[in-house]
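Chain residues, written in single-letter form:
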Amino acid sequence: MTDTILVVDKLKKYFPTKRGTVKAVDNISFSVTTGETIGLVGESGSGKTTTAQCVIGIYPPTDGEILFKGQTISEAFSKRSKALKRDIRIVFQDPGSSLNPKRSIKQILSVPLKVHRVATKKDHLTKIKSLLAMVELPPDEYMYKYPQAIGGGEKQMVAIARALATDPSLVLLDEPTSALDVSVQGKIINLLMKLQQDLNLTYLFITHDLSLMRNVASRVAIMYLGKLCEIAPTVEFFQNPTHPYTKMLLSAIPVVSQEEKALKPTKIASRGEIPSPVNVPSGCSFHSRCSEKMDMCAQDDPVMVEIGEGHVTRCHLYQDTKVAASIEQEEGVHAQDPVDQPRGDG
Amino acid sequence: MSPLLDVRDLSVGFKIFEGYLSVLNGVELTLGEGERVGLVGETGCGKTTTVKSILRVLPMPPARIAGGEIFYRGKDILKMKRREVQTLRRMELTAIFQDPLMSLNPVFTVGTQLRDIVKDSLGASGKKLTKKQITARCIEALKETGMPDPERIMSNYPIQLSGGMRQRVCIAEALSTTAQLLLADEPTTNLDVTIQDQILRKLDELVEEKNTSVLMITHSLGVVMDLTQRLYIMYAGTMVEEGQTEELFASPLHPYSQGLMKSVPKLTGEGVSDGIPGRIPNYLDPPAGCRFHPRCEHTMPICQTEKPPLFNVENGRHVACFLYRS
Ligand SMILES: Nc1ncnc2c1ncn2[C@@H]1O[C@H](COP(=O)(O)OP(=O)(O)OP(=O)(O)O)[C@@H](O)[C@H]1O
Ligand SMILES: Nc1ncnc2c1ncn2[C@@H]1O[C@H](COP(=O)(O)OP(=O)(O)OP(=O)(O)O)[C@@H](O)[C@H]1O
Ligand code: SF4
Ligand SMILES: [Mg+2]
Ligand SMILES: [Mg+2]
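None of these values were measured; they are calculated from a predicted model. (Residues numbered from 1 in each chain as written. Chains lettered and ligands numbered in written order. Predicted model: local features only at pLDDT ≥ 70, side-chain atom pairs only at ≥ 80, totals over all residues. Heavy atoms only, no water.)

**Student:** Just give me the short version of the overall build of chain A, but keep the residues and values in it.
**Tutor:** Summing up its helical and strand segments, chain A has 13 helices and twelve strands in all. Classification of the 346 residues of chain A by burial places 55% in the buried group. Residue pairs in contact within chain A that sit at least 24 positions apart in sequence constitute 60% of those at least 6 positions apart. Entry remark: accessible area of chain A is about 15100 Å², with carbon and sulfur atoms responsible for 51%. (Helix = DSSP H or I, 4+ residues; strand = E, 2+ residues; numbered from the N terminus. Buried < 20%, exposed > 50% of the residue type's maximum accessible area, 1.4 Å probe, protein only. Contact = heavy atoms within 4.5 Å. Areas by Shrake-Rupley, 256 points an atom, 1.4 Å probe, with all protein chains shown as cover.)

Given below as structure tokens:
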């Protein structure tokens, strides 16, 4: 049996705003295996960051459950135990603004050590040095520098060191390299992969860069308007994409060589109005932009069906009724919004 | 014909507590009317500093222009009066900045900020619109960037938007002006590829319709390939190579460009390269000669003492590397 570290089960996160409720995350379920890198890709504003924020506890879920190592962690951040806070950490996209400019790198790295009581005071210096060495920054040279004096890539290395200071087992990486050029990105990605091996880390990796995803993730999950469209093992995902949104995404990847062009589906231009998470289209929420839309798509929301080993997709083109029915049964009433629930089921 | 924008031998540094950071080191860059030019380079090489110098928005101090000229339609921006520069920024130049949170004001709603920009560019061109028309314009601009639910966005504060939405607000601002030159500093990094594609097509249109010139700064070499005709590669404050985009991709000449091209993660999935060994130099005490020499595998004695000029190589390509000295 594989060892599941994280289960996100029918997670919902709604934000009430003056203009209506934003369904930032709307009933998503997935699980993550220890030691893997699951990639989360999707539309801007589809709820990727919000999902990560629910996992780390910045927001309590509106509904649904998050299980970490078999325990529910859906409670508020303030109620989380120190041990749990140490065990799940996050790296943000923008290294510039996530590091306090008024503190030296040594001070920045000593914060998690103090807050989480990782080491006794007299061991702090040794620990900081070993953290810097771990991310391949010479400690004596970097310890007393301030963030503004180092490069963007190096800042991100510091942010990674800070995340790893508490020996976490799950690290959420929210676009960790999208502000960096490809050569610096290469360095960081390779470092992250090496650390994953050495420390048996599990990554939830958010990025818009599908070419990068192709090279780092073991599985890829696609989000659209707060919902998951498709999850598949990486190779399968790129060879046999099924959901129309996935295909649209893949066809829009900017590439630099002919060989890569050959791997992309034929171009499906992005069309239609981008719908709002306040006013989600009926039925399949992608129908307003879908090139393969059928009549039923505007009425019924498709359910996730398994179409291959570990490959699930949520689209009417693949709704094998038998499988669909069994999943629906399993998911029970939770699978739908109470409001959408038809009266007298059948 | 003289180019629209002509940056000559621009040197810019920053005075900080530890000393003087010599960042831009003789930058050369030209941009023709209606031309789309790419600028790529290592994180921290000075791309944003170049853009800010052109717009004259560098904070001074700590920044200091150590030398050089920036001609826009033949006039040196660096010598213009404040008022002149302000008019230029309202009428002719526009920028999309890398960090949208920095260019958006956190205490005003998106609507307030967008309306101001539209009013500004209208005021500058002497046209008058009613409040309603202005709002309609803003919503239209937001729609063009693929923004969902523009009406809601107008009443939101920047903090209530996702990263990509903030970025699209900045793009909408840029699209609402009448500018002739668009300096786009990483305009699409936070966006998914379908929206990115939509915005790139929009920029295409803009160039066609208004003959706008675009300087596109990005880390996505795929975007550069898609959008630009000509490309500059920058390393540690200097342009190290220039050429037609496709040719430059097919055969990068400068050792830095070669390393950069090799680092692009590919859809073919052969793993991520380790990047170029070493790191960008310390601007407090940058290497003499070619600033890339400590990381270069072809370093020759001359590289350590002399700054290589841009050598003219076959069919109009330029490389600042002594390997190409004829
Ligand atoms: N604090 C908040 N209040 C109201 N709405 C919010 C809040 N945080 C996020 N949202 C909304 O939730 C939706 C999802 O946002 P989220 O940041 O999770 O997207 P994302 O997938 O990370 O996008 P991006 O790729 O652009 O970073 C957006 O519509 C956003 O406007
Ligand atoms: N206000 C400032 N004070 C001190 N140093 C600065 C300032 N602004 C920029 N620098 C320095 O100038 C150098 C170039 O920065 P710049 O932002 O232009 O790089 P960039 O090429 O845009 O990088 P990126 O790809 O990360 O955006 C960096 O080393 C930076 O630390
Ligand atoms: S369910 Fe219909 S609208 Fe949705 S992705 Fe599939 S074909 Fe397109
Ligand atoms: Mg996000
Ligand atoms: Mg920059």
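Still more ground to cover, so stick around.
**Student:** If you had to explain the site of ligand 2 to someone new, which residues and values would you point to?
**Tutor:** Around ligand 2, the surrounding shell holds 16 residues, and the nearest of these are Gly44(B), Lys47(B), Thr48(B), Thr49(B) and Gln98(B). Positioned at a junction of chains, ligand 2 has nearby residues supplied by chains A and B. Separating an oxygen atom of ligand 2 from a backbone N or O atom of Gly44(B) is a distance of 2.7 Å. Measuring from an oxygen atom of ligand 2, one finds a backbone N or O atom of Gly46(B) at 2.9 Å. Surface burial for ligand 2 is 75%, taken as the share of its 640 Å² of free accessible area covered by protein chains. At three residues, helix H1 (residues 47-55) of chain B tops the list of elements feeding residues into the shell around ligand 2. The residue inventory of the shell around ligand 2, partitioned by class, reads seven nonpolar, eight polar and one charged. (Near = heavy atom within 4 Å. Polar contact = N/O pair within 3.5 Å; in protein donor to acceptor, adjacent residues only side chain to side chain. Nonpolar A, V, L, I, M, F, W, Y, C, P; charged D, E, K, R; others polar.)

**Student:** Quick one: what's the story with the sheet that holds strand E3 (residues 37-42) of chain A, residue by residue and with numbers?
**Tutor:** Residues and elements named next belong to chain A. Reading across from one edge, E6-E7-E8-E3-E9-E10-E12-E11 is the order of the eight strands in this open sheet, with mixed pairing throughout. Strand pairing shows two members of the sheet lacking a second neighbour, strand E6 (88-91) and strand E11 (305-308), which therefore form its edges. In this sheet, neighbouring strand axes are inclined to one another by 20° on average, regardless of whether the strands run parallel or antiparallel. In terms of strand pairing, E3 meets strand E8 (residues 202-206) through four bridges, oriented parallel. Residue pairing in the sheet places threonine 37 in a bridge with tyrosine 203 of E8. (Pairing = 2+ DSSP bridges. Axes fitted to C-alpha atoms, helices over the stretch in contact; angles between N-to-C directions.)

**Student:** With reference to specific residues and values, describe the site of ligand 1.
**Tutor:** Around ligand 1, the surrounding shell holds 23 residues, and the nearest of these are Gly45(A), Lys48(A), Thr49(A), Thr50(A) and Gly164(B). Each of chains A and B places residues next to ligand 1. Here Thr50(A) contributes a side-chain N or O atom positioned 2.4 Å from an oxygen atom of ligand 1. Within the contact set of ligand 1, an oxygen atom lies 3.0 Å away from a side-chain nitrogen or oxygen of His208(A). Against a free-state accessible area of 640 Å², the protein chains account for coverage of 90% of ligand 1. Across the shell around ligand 1, the residue classes tally to six nonpolar, 13 polar and four charged.

**Student:** I'd like a rundown of the interface of chain A and chain B, residues and numbers included.
**Tutor:** Every contact between the two is made by 58 residues of chain A and, on the other side, 52 residues of chain B. For the pairing of chain A and chain B, the buried interface totals around 4400 Å² over both sides, and the portion due to carbon and sulfur atoms is 57%. A per-residue breakdown of the area chain A buries against chain B is headed by Val182(A), Asn215(A) and Val256(A), which together make up 14% of the total. Between the two partners, chain A and chain B, sit zero salt bridges. The tally of links from chain A across to chain B stands at nine residue pairs in polar contact (both at pLDDT 80 or more). Of all the elements in the fold, those that place two or more residues in the side of chain A that touches chain B are helix H6 (139-142), helix H7 (152-164), helix H8 (182-199), helix H9 (210-216), helix H11 (244-251) and helix H12 (258-263) of chain A. (Buried area = accessible area lost by both parts, 1.4 Å probe. Salt bridge = Lys/Arg side-chain N within 4 Å of Asp/Glu carboxyl O.)

**Student:** So what's going on with the packing of helix H4 (residues 105-115) of chain A against H7(A)? Residues and values would help.
**Tutor:** In helix packing, the relevant descriptors are the interaxial angle and the interaxial distance, both defined with respect to the helix axes. Residues and elements named next belong to chain A. For the pair H4 and H7, interaxial distance at closest approach is 8 Å and the crossing angle is 25°. By the angle between their axes, H4 is roughly parallel relative to H7. Here the hand of the crossing between H4 and H7 comes out right-handed. Contacts between H4 and H7 involve Ile105, Ile108, Leu109 and Pro112 on the former and, on the latter, Val158, Ala161 and Arg162. Among the residues making up the contact of H4 with H7, the classes are represented as six nonpolar, no polar and one charged. (Parallel < 35°, antiparallel > 145°, perpendicular 65-115°, else oblique. Left-handed = near helix turned anticlockwise from the far one by under 90°.)

**Student:** Please set out the side chain of Ser44(A) residue by residue, giving values where relevant.
**Tutor:** Tracing the sequence through the fold places Ser44(A) in the loop between E3 and helix H1 (48-56). Looking at Ser44(A), the relative accessible area reads 6%, which means it is buried. Those residues in contact with Ser44(A), other than ones at most four positions away along the chain, are His208(A), Ser162(B), Gly164(B), Arg168(B), Asn190(B), Leu191(B) and Asp192(B).

**Student:** If you had to explain the sheet that holds strand E4 (residues 63-68) of chain A to someone new, which residues and values would you point to?
**Tutor:** Residues and elements named next belong to chain A. Pairing is antiparallel across the open sheet formed by four strands, whose spatial order is E2-E1-E4-E5. Of all the strands in the sheet, just strand E2 (20-33) and strand E5 (71-72) have a single pairing partner and so form its edges. Where E4 and E5 come together, two bridges link them in antiparallel fashion. Bridge pairing links leucine 67 to threonine 72 in E5. Those strands touched by H1 are strand E1 (4-17), E2 and E4, and its axis lies near 115° from that of E1.

**Student:** Break down empty space enclosed by the protein for me, with residues and values.
**Tutor:** All told, the structure shown has nine cavities of 30 Å³ or more when counted by the stated rule. Roughly 440 Å³ of internal volume is contained in the largest cavity. In terms of lining residues, the largest cavity is bounded by 29 residues, among which Asp209(A), Gln196(B), His219(B), Ser220(B) and Leu221(B) are the most central. Secondary-structure elements contributing two or more residues to the lining of the largest cavity are H8 and H9 of chain A together with helix H8 (193-210) and helix H9 (221-227) of chain B. Residue contributions to the lining of the largest cavity peak at three residues, all from H9(A). (1 Å grid on protein atoms, 1.4 Å probe; cavity = no way out; pocket = protein on both sides within 12 Å on 5 of 7 lines; lining within 4 Å. Points joined across faces, edges and corners; volume = space filled by probe spheres on them.)

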